[in-house]
Amino acid sequence: MLRLGCGAGFSSDRLEPAIDLARDGRLDYLVFETIGERTLAFGHRDRKLDPTRGYNPQLAARMRGVLAHCRRNKTRIVTNMGVANVAAAAEVTITIARELGLKGLKVATVEGDDVTAMMGSETVLFDHGNRTIAEVGRPVVGANVYLGIDAILPALETGADVVITGRVADPSLFLSPLVHHFGWKLDDWPLLGRGTLVGHLMECGMQITGGYYADPGFKDVPRVADCGYPIAEVAADGNATITKLASAGGMVSTRTVKEQLLYEVHDPTAYLTPDVTADFSRVGIDDRGQNRVDVSGASGTVRPRTLKVTVGFDGGHLGEGGISYAGPNAVARATLARDILADRLGRHAGFAENLRLDLIGVDSLHQTARGDPDPSAPGGRLPERESPSATSQDIRVRVAMRSMDRSAIETMLWEVESLLCCGPAGGGGYRGQISPSVITHSALIDRGSVSPTVKVLVA
Amino acid sequence: MSRRIPLHKLAHARAGDKGDTSSISVWVYDAGDYALVKEQLTAARVKAAFPRLIRGNVVRYCLDELSGLNFVAHNALEGGVNTSLNLDSHGKSWSSLLLSLEIEVPENKHSSTGA
């Protein structure tokens, strides 16, 4: 039996429960999964601005928190916190290990996922109507291929205490220790499918232990504020028990496991990773009580021939501004403010088609989900005005706009702020921010065109 | 005789995103309600309910043994997380959107409220 823990399910995931798991989890492996399409593109941008950055911003805090516990408990760490700068992440980890007196701690890096140089103007983006990179007409920020277990296994074979990667498929971070420990064959597709299910269930951290689950009165979660990260006890046949620390809040139930089972899965019979085409369609989920749930029956068929690449493009700037109205007749005043903004901003060329106006508290997240199709409004932006019937007395007008031209965003924010003096009565709480924007699309490349490398550093 | 109740009383859901594709899994609390939900919550109905949001096709996968339905809605995220101007650019709240649809329940049918 191999005991795997997850200490992060996304870039900014919580720290303290990961330290609890490192200290008390009796883990063989602790995995931190921190890359998303967005955070990876930001990693490229950070690295461009400063060659010593580009790895996960929380890497140092996490390593400081868990390294000593992991060493004491003989728990190995596998993480993609290298993001767009694996070498720098390894250097930082070594420095922290030395500070902590962990002499001899071994860090192995996996590189080779950065395939920016292999992208050409004719590279086809399969998720973008098969348009080419040239047709996107934006600078490429970076491109990364999803590496799999065949890239991570050589790093585990070095005996490293910590393995740091960039872009690898999330489940591969968990599958690779299983293959390494149990000696599974790289073409035993049903076994790899079962291990991939374990990885898939674990990769989002607390999304399987009661995080992102509570719906008061319908799905109550005990002590969700102290929700713990998950633990998987995996048998040599790939079937597993999902659980958590008894001391942690949260819960593991058939329902929490089900919600994660199909999270970001399309066809349950064909979940594609670099390692296998996993089949989750006949999975058994059985509650054993005491926050222990058995998962069994996943399978798999031959892995895809090609590897997926995420290509990040410079998306310019995203501007978001807001102003609030509260008390009697707040809905009418906020609606008037929104209409004034639509009018004033609409006078600037090119603004209307890159703009979205929301009334938070009346109609925002689901605004574009309602009403009839409006072919003149791509993506449903700037829909026809509806008279809000909400009774809320606390409404925020939100304006969002994306542009390659930062000064256009500044003009938009200026117009929102100016409502403080020349808008409806009682508006307050103006805030505005401009953040860098990236756009991502996907391409495919041949397996043979990538050659991952492993390096070892010792503290 | 029948009554209409929000799907939210019968099922829970979670939404995820990949590019401009939203995938929403719906899990019926009580297996006894599964057939009813499966019959009424079709891919065509989901697409028709949100025509301005879901621009592409909707595919439904059924996990009968676990009482779960998985909806994969294409061109349904206003361009995707890095393009959408929606405050919820991941479409995480599309799960609640589906749960707001109504299911017609026969009066004589005992039904779990999930509460």
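Here we summarise the structure given alongside this text. A quick note: this is a predicted structure, and the numbers were derived from the prediction, not measured. (Residues numbered from 1 in each chain as written. Chains lettered and ligands numbered in written order. Predicted model: local features only at pLDDT ≥ 70, side-chain atom pairs only at ≥ 80, totals over all residues.)

## A closer look at the interface of chain A and chain B
(1) Moving on: With 43 residues of chain A at the contact, the number on the chain B side is 31 residues.
(2) Moving on: Contributions of two or more residues to the side of chain A that touches chain B are made by α2 (37-49), α9 (254-261), β17 (355-360), β18 (394-403) and β19 (428-446) of chain A.
(3) Moving on: If one sorts the elements of the side of chain A that touches chain B by residue count, β19(A) sits on top with 5 residues.
(4) Moving on: Looking at the side of chain A that touches chain B residue by residue, the class counts come to 13 nonpolar, 13 polar and 17 charged. (Contact = placed C-beta atoms within 7 Å. Helix = DSSP H or I, 4+ residues; strand = E, 2+ residues; numbered from the N terminus. Nonpolar A, V, L, I, M, F, W, Y, C, P; charged D, E, K, R; others polar.)

## What to know about helix α6 (residues 149-157) of chain A
Residues and elements named next belong to chain A.
(1) Moving on: Those residues of α6 that sit buried are I149, A151, I152, A155 and L156. Projected down its long axis, α6 carries its buried residues within an arc of 155 degrees, all on one side.
(2) Moving on: Among the structural elements, β4 (106-111), β8 (162-165), α7 (170-182) and β20 (453-458) are those in contact with the buried residues of α6.
(3) Moving on: Immediately downstream of α6, the backbone of G159 shows phi near 80 degrees, a positive value. (Buried ≥ 20, exposed ≤ 12 C-beta atoms within 10 Å, placed from the backbone. Arc of directions from axis to C-beta.)

## What about the pairing of strand β3 (residues 76-79) of chain A?
Residue and element names in this part refer to chain A.
(1) Moving on: Side chains R76 and V78 project from β3 onto one buried face, and the interleaved I77 and T79 project onto a second face that is buried too.
(2) Moving on: Where strand β2 (residues 29-32) and β3 come together, 4 bridges link them in parallel fashion. Within β3, the position partnered with Y29 by the bridge is R76.
(3) Moving on: Looking at chain direction, β3 and β8 are connected through 3 bridges and run parallel. Bridging across to β8, I77 finds its partner in V162. (Pairing = 2+ DSSP bridges.)

## A short note on the sheet that holds strand β4 (residues 58-63) of chain B
(1) Moving on: On the basis of which strands lie adjacent, the open sheet formed by 4 strands has the order β2-β3-β5-β4 (chain B) and antiparallel pairing. Each having just a single partner strand, β2 (11-18) and β4 of chain B make up the two edges of the open sheet. When strand polarity is set aside, the average angle formed by the axes of neighbouring strands in this sheet is 15 degrees.
(2) Moving on: Relative to strand β3 (residues 21-28) of chain B, α9(A) is tilted by about 155 degrees, and along the sheet it contacts β2, β3 and β5 (68-73) of chain B. (Axes fitted to C-alpha atoms, helices over the stretch in contact; angles between N-to-C directions.)

## Looking at the environment of B:S22
Residue and element names in this part refer to chain B.
(1) Moving on: Residue placement: S22 occurs in strand β3.
(2) Moving on: Between the alpha carbons of S22 and G91 there is a distance of 7.1 Å; along the sequence they are 69 residues apart.
(3) Moving on: Among residues more than four places away in sequence, those in contact with S22 are A15, D17, A73, A76, L77, G91 and W94.

## Here's the deal with the packing of helix α3 (residues 59-72) of chain A against helix α4 (residues 86-99) of chain A
Residue and element names in this part refer to chain A.
(1) Moving on: Viewed as axis vectors pointing N to C, α3 and α4 meet at an angle of 40 degrees, and their least axial separation amounts to 10 Å. Taken together, the axes of α3 and α4 lie oblique to each other. The handedness of the crossing between α3 and α4 comes out as right-handed. The residues of α4 that touch α3, namely those facing L59, A60, M63, R64 and L67, are A89, V92, T93, I96 and A97.
(2) Moving on: Taken together, the residues of the contact of α3 with α4 sort by class into 8 nonpolar, 1 polar and 1 charged. (Parallel < 35°, antiparallel > 145°, perpendicular 65-115°, else oblique. Left-handed = near helix turned anticlockwise from the far one by under 90°.)

## Describing the nonpolar core
(1) Moving on: Within the largest apolar cluster, 110 residues are counted, with the highest numbers of intra-cluster contacts made by A:V31 and A:V163.
(2) Moving on: Setting aside anything within four residues of it in sequence, one finds A:V163 in contact with A:I77, A:V78, A:A108, A:V110, A:I152, A:A155 and A:L156. (Core = buried A, V, L, I, M, F, W, Y, C linked by C-beta atoms within 7 Å.)

## Some thoughts on unusual backbone geometry
Residue and element names in this part refer to chain A.
(1) Moving on: Positive phi values are uncommon outside glycine, yet N291 reaches one of about 60 degrees.
(2) Moving on: Here N291 is to be found in the loop between β13 (284-289) and β14 (292-296).
(3) Moving on: The backbone of N329 sits at a positive phi, close to 65 degrees, despite the residue not being glycine.
(4) Moving on: Within the element layout of this structure, N329 appears in the loop between β16 (306-326) and α10 (330-346).
(5) Moving on: We classify N329 as partly exposed; it has 14 C-beta atoms within 10 Å.

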